[in-house]
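# Structural overview
If you want the building blocks of each chain, they are given just below.
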Amino acid sequence: MKKRHVQTIRTKQKQTEQHIQQNRCPKCGGVLIVRKGKYGTFKGCSNYPKCKFTQSIG
Ligand SMILES: [Zn+2]
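Residues numbered from 1 in each chain as written. Predicted model: local features only at pLDDT ≥ 70, side-chain atom pairs only at ≥ 80, totals over all residues. Heavy atoms only, no water.

Formed by Ile20, Cys25, Leu32, Cys45, Cys51 and Phe53, the largest nonpolar core amounts to 6 residues. Apart from the residues lying within four places of it in its own chain, the contact partners of cysteine 51 are Cys25, Lys27, Cys28 and Cys45. (Core = buried A, V, L, I, M, F, W, Y, C linked by side-chain atoms within 4.5 Å. Buried < 20%, exposed > 50% of the residue type's maximum accessible area, 1.4 Å probe, protein only. Contact = heavy atoms within 4.5 Å.)

The following block contains the structure:
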């Protein structure tokens, strides 16, 4: 049961990565925009502040 749970999380992470590669927000399906913040460059959802998804790209 524990193993199954880990697999589910991994699948979800893969889907999230695929979404981000396609510049799609995995939370709401919106477009991800490259933004520059205090702590570096990151991708943020175009539906911000409605959707607060961000992904650091270093
Ligand atoms: Zn979003």
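Additional details are given in the paragraphs that follow.
Bringing the pairing of strand β2 (residues 40-45) into the picture now. One ladder, built from 6 bridges, connects strand β1 (residues 32-37) with β2; its direction is antiparallel. Residue valine 34 lies in a different strand from β2, and its bridge partner there is lysine 43. Counted between consecutive antiparallel strands, the loop separating β1 from β2 contains 2 residues. Two strands pair when backbone bridges link them, and β2 and strand β3 (residues 54-56) are joined in this way by 3 bridges, in the antiparallel orientation. In the sheet register, lysine 43 faces β3, and the bridge partner there is glutamine 55. (Pairing = 2+ DSSP bridges. Helix = DSSP H or I, 4+ residues; strand = E, 2+ residues; numbered from the N terminus.)

What follows covers the sheet that holds β3. Here 3 strands make up an open sheet; going across it, the order is β1-β2-β3 and the pairing antiparallel. Of all strands in the sheet, those bounded by a partner on one side alone are β1 and β3. Across the sheet, the mean angle separating the axes of adjacent strands is 30° when strand polarity is ignored. (Axes fitted to C-alpha atoms, helices over the stretch in contact; angles between N-to-C directions.)

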